[in-house]
Amino acid sequence: MTVHENPVADLVLGISILLLLASATLVLARRLHAPFTILLVLVGMALAQLAPLLPAGVGRVLDLHIGTELILYVFLPSLIFESATHLDWRELRDNLVPVLTLAVPGLLISTAVIGALVALVGDVPLAAALVLGAILSATDPVAVIALFRQLGAPRRLTVLVEGESLLNDATAIVVTKILLGMALSGHIAGAGAWGAVGDFLVTFFGGLAAGASMAFVAGSVIGLVRGNQAIVISILTTLAYLSFVVAEEVFHVSGVMATLAAGLVIGSWGRSKIEPGIADYIEHFWSYVAFMANALIFLLMGLSIDFAALTAQADVLALTIAAMLLSRALAIYGLMPLIGRLRPSLAVSGAYQTVMYWGGLRGAVSLALVLSLQDFAWAETFVAVVMGVVLFTLIVQGLTVEPLMRRLGLDRPGVADRLARDEVLSEAARVAAERIPGLRGGGLFSAALAERLEAAQRARVARLRADMARTRREEVDDEEAVRMLWMRAVATERTAYRELYGRYHIDERTYRALDHAAAVRLDELRHFARTPTAIAEDLDATARRLLAWLARMPGRFGRLAHTRAVARDYARAWAALQACDRVDEALARMAGSGAFDARQVAPVREAYRKRRDAARGRLDDWAEQFPEFVKAMQTRLAERLILQVEQSEVQRLSRSGLVPANLSDELDETFDRDRRRLGALSISELAVAPEELLRKVPFFVDLAPDEIAEIVPYLRPLTVAAGDDIVRAGERGTSMFFIGRGVVRVLADAGAGADDATDELATLMAGDFFGEMALLDDTPRSATCRAATACALYELDRRGVEAAVAVCPTLGECLEQAARERRSGAPADAAGHA
């Protein structure tokens, strides 16, 4: 029987066989507790040796070779993007100095040391040896990171190792290209070197700019199609590859930095654009993509190793390995202590330095770079040397990292993680014990067996709680316990916001403001050990002033900004109330579980209760002053909750087979569309009619409806939350304000916040006005006016005052009277201030 060769069929069959081998290797790695990627290389090497013994067709199918384009343009973008999206931007930012120090100066030191030693001892030209040094300076800690996750290594160590790898991949590629160009041209120093520095900076930072720009565009598009997981995954996959290709081929900057920047932007800013349900699906998708890429890379790496070539270059290989280990030692043990002396807060411990030194494996990027040296005189030698070095780091270093970490004590979870683990196990055992009597009542167990199981669970709960109490007593003081509680509370708060956003109960900007404020608190707790005594407002004064300024814009845009500002202030208070309730429940469980003493829980719980009371008071204030608005908001919330219940029930029935799949998908789309519609803000529903508010102002009461209609176009609605400053002393006044609803305090000085010490001059209510003095006299404001409750105001500028006086002469008389009293120093009426 004649077998016809079909390259496409061979490729598909070869990849399928490799993926099956990778799956079997993964099972073996888990049973042996061995690094997955290292086993893949060993399996690939074994397969290469067995190939001659296999049938001709199978041998031909497995005759696959790893190449530069395959690594750089197929595997590398997906691996970088997946890693970058999981890398916490704030953690990377906090460790950016040591990471960048290793990725740039550290890589240059490594390049110089390897190049100098190989040139000096190995009889290789310096220019060529420097190219080899740059190629071997790119770290690839895939196996080490997987081991970190398996052992529960400290988070900072993971960020340092992974962050260095992502950044120095880009540096190694750029430096290799520059040094290769110098080697081919024969210019190593002088003007060419300074030009190389400029090229490096442009390539490095140009890649960052290109990737971040494309990520912001992609994230904005994702925000428009939040409910469609196929579209979201397609956009992200396109972004991962397009950022790399466009950066390399169009802008001629670093594709690695572009993909890295794109992944960081999507993993931080872009995460809020993706629904939680879709985010879980995307998480699984990219995890499999990373598994597939790593599996193929390391299997092909094993298949490509040529032992004859390694033996032929044994002397150069041994020299290069020694030079590589020495250069890595100089970079780690020379630069890291220096950073610690200059910036003690960024110091890296000796144990971390040792793991970073020995865990600096080499891998795919080094192979891709050396395989790209097609026309270079030393290409054949360097390919064998780099293959040997990669094999050495994977097998010798990769298999000994775990014993090293255990010896250094870096495999033991921190006290916070151990307390959290025991607390979770204790709670699970308690719930299981409570459910056993119900199982006995259903006839599943005999009474004796149920009692024995329940007693065992109760004993387990007691044992876990005793362990937690001992850990807390021996390893945690009160200050550290309170700090840990704050971190757990803030993490619970952020989870609550995420869930509210995923259910369309709050919009993206509200979620982002709340989550950012919580993240800042978490950063302060984690890095500066600052335990707050209270929880600050979630939207800073600058943002509030911006919203107020937008709300004063004329026409529909101003009314829309005003409505959205009101709705988001209400949504922030409502979301804060829900989150505080969730945190209070979590803290109560912690106190009851024995993980923390009730005395330690008390201050954190009290702070969140105060915040909850403040949020509830804010909501009550809105409800009292703006019942129409609150009713509209509550109606929308109720409708969203009903839709959520209906959708959950339809999904349950669909899983049981009662609802056809096509109908279930159609209903899901309908539910999502309705929830997005209910999440949008409508001016007609949320705006309060100005005519109704103007009727509360005394000198507008007797105006005919058509006269009020002439004034209304000049009025700008302004809704202010309790505690906000409406005008401040010393500001230039260009408008006056009428109070439709609420209470305003007139204060003698312009304190920056509601708690500042001030002298109260007057209290203004519905029907009063203020701000006319600065407007009429063109002078700075003489007092600060602050909202004591939520207030509905109307702002009237100079042109509007002239138009209003023409329609309502009484208004002009009132303003002139107030102005005369103010100028004469006589006590002004309560309605004329600032």
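Residues numbered from 1 in each chain as written. Predicted model: local features only at pLDDT ≥ 70, side-chain atom pairs only at ≥ 80, totals over all residues. Heavy atoms only, no water.

A. A look at the pairing of strand β8 (residues 791-797). The buried fraction of β8 is high, at 7 of 7 residues. A two-sided burial pattern is seen for β8, the buried positions comprising Cys791, Leu793, Glu795 and Asp797 on one face and Ala792, Tyr794 and Leu796 on the other. As paired elements, strand β1 (residues 716-720) and β8 share 5 bridges and run antiparallel to each other. Its bridge partner being in β8, threonine 719 is matched across the sheet by alanine 792. Here strand β3 (residues 735-741) runs beside β8; their pairing, made up of 6 bridges, is antiparallel. What sits directly across from phenylalanine 737, in β8, is glutamate 795. (Buried < 20%, exposed > 50% of the residue type's maximum accessible area, 1.4 Å probe, protein only. Helix = DSSP H or I, 4+ residues; strand = E, 2+ residues; numbered from the N terminus. Pairing = 2+ DSSP bridges.)

B. Just unusual backbone geometry, in detail. A positive phi is found at histidine 33, a non-glycine position, where the angle reads about 55°. When you line up the elements, histidine 33 lands in the loop between α1 (7-32) and α2 (36-50). Residue histidine 33 is classed as exposed on the basis of its relative accessible area of 54%. Backbone geometry at histidine 252 places phi at a positive 55°, although glycine is not the residue there. Among the secondary structure elements, histidine 252 is positioned in the loop between α11 (229-250) and α12 (255-267). The exposure class of histidine 252 is exposed, given its relative accessible area of 58%.

C. Representation of the pattern of salt bridges in the model. Here the structure, examined in full by the defined rule, presents 22 salt bridges. When the shortest N-O distance is used, the salt bridge between aspartate 581 and arginine 612 registers 3.5 Å. Within this pair, whereas aspartate 581 is found in helix α25 (residues 555-593), its partner arginine 612 is found in helix α26 (residues 598-625), the two being separated by 31 residues in sequence. The closest approach of N and O atoms between aspartate 725 and arginine 728, which form a salt bridge, is 3.3 Å. On the basis of relative accessible area, arginine 728 is assigned to the partly exposed category, the value being 24%. (Salt bridge = Lys/Arg side-chain N within 4 Å of Asp/Glu carboxyl O.)

D. Representation of the sheet that holds β3. One open sheet holds the 4 strands; their spatial order is β1-β8-β3-β6, and the pairing between them is antiparallel. The open sheet terminates on both sides in strands that have one partner only, identified here as β1 and β6 (769-770).

E. Geometry of the packing of aromatic side chains. Applying the stated criterion across every chain, the model contains 16 aromatic pairs. Through a chain of ring-to-ring contacts, three or more aromatic side chains come together here, namely Phe36, Tyr288 and Phe291. (Phe/Tyr/Trp six-rings, centres within 6.5 Å; stacked < 30°, edge-to-face > 60°.)

F. Layout of the side chain of threonine 471. Relative to the helices and strands, threonine 471 resides in helix α21 (residues 447-475). When neighbours within four sequence positions are excluded, threonine 471 is seen to be in contact with Val415, Arg418, Leu419 and Val476. (Contact = heavy atoms within 4.5 Å.)

G. Structural detail: α21. With 29 residues, α21 extends 42 Å between its outermost C-alpha atoms, agreeing within 8% with the 42 Å of an ideal straight helix rising 1.5 Å per residue. Turning to α21, its buried residues are Ala450, Gln457, Val461, Leu464, Met468, Thr471 and Arg472. (Expected span 1.5 Å × (residues − 1).)

H. Just the sheet that holds strand β4 (residues 744-747), in detail. With antiparallel pairing, 4 strands are arranged side by side in an open sheet as β2-β7-β4-β5. Each edge of the open sheet carries a strand with a single partner, namely β2 (725-727) and β5 (760-764). With direction set aside, neighbouring strand axes in the sheet form an average angle of 30°. Across 4 bridges, the pairing between β4 and β5 is antiparallel. Along β5, the bridge assignment pairs valine 744 with leucine 764. (Axes fitted to C-alpha atoms, helices over the stretch in contact; angles between N-to-C directions.)

I. Representation of the nonpolar core in the model. Judged by nonpolar contacts, the single largest core of 119 residues is most densely connected at Phe148, Leu373 and Met405. Looking at this core element by element, the count peaks at 14 residues for helix α9 (residues 155-185). Here leucine 373 is in contact with Val131, Ile135, Leu180, Ala379 and Phe382, once residues within four sequence places are set aside. Grouped together as the second largest cluster of nonpolar side chains are 25 residues, Tyr501, Ala571, Ala573 and Ala615 included. (Core = buried A, V, L, I, M, F, W, Y, C linked by side-chain atoms within 4.5 Å.)

J. Spotlight on the environment of alanine 103. Mapped onto the fold, alanine 103 is located in helix α6 (residues 96-121). Using a relative accessible area of 0% as the deciding quantity, one classes alanine 103 as buried. The contact partners of alanine 103, leaving out residues within four places of it in the chain, are Glu164, Leu167, Asn168 and Thr171.

K. Up close: empty space enclosed by the protein. Inspection of the entire model under this criterion finds 4 cavities of 30 Å³ or more. Roughly 180 Å³ of volume is contained in the largest cavity. Looking at the largest cavity, the residues that line it are Phe81, Thr85, His86, Leu236, Ile266, Gly267, Arg271, Ile274, Ala279, Ile282, Glu283 and Trp286. Of all the secondary-structure elements, those providing two or more residues to the lining of the largest cavity are α4 (68-86), α12 and α13 (276-304). Looking at which element gives the most residues to the lining of the largest cavity, the answer is α13, with 4 residues. Grouping the amino acids of the lining of the largest cavity by side-chain chemistry returns 7 nonpolar, 3 polar and 2 charged. (1 Å grid on protein atoms, 1.4 Å probe; cavity = no way out; pocket = protein on both sides within 12 Å on 5 of 7 lines; lining within 4 Å. Points joined across faces, edges and corners; volume = space filled by probe spheres on them. Nonpolar A, V, L, I, M, F, W, Y, C, P; charged D, E, K, R; others polar.)

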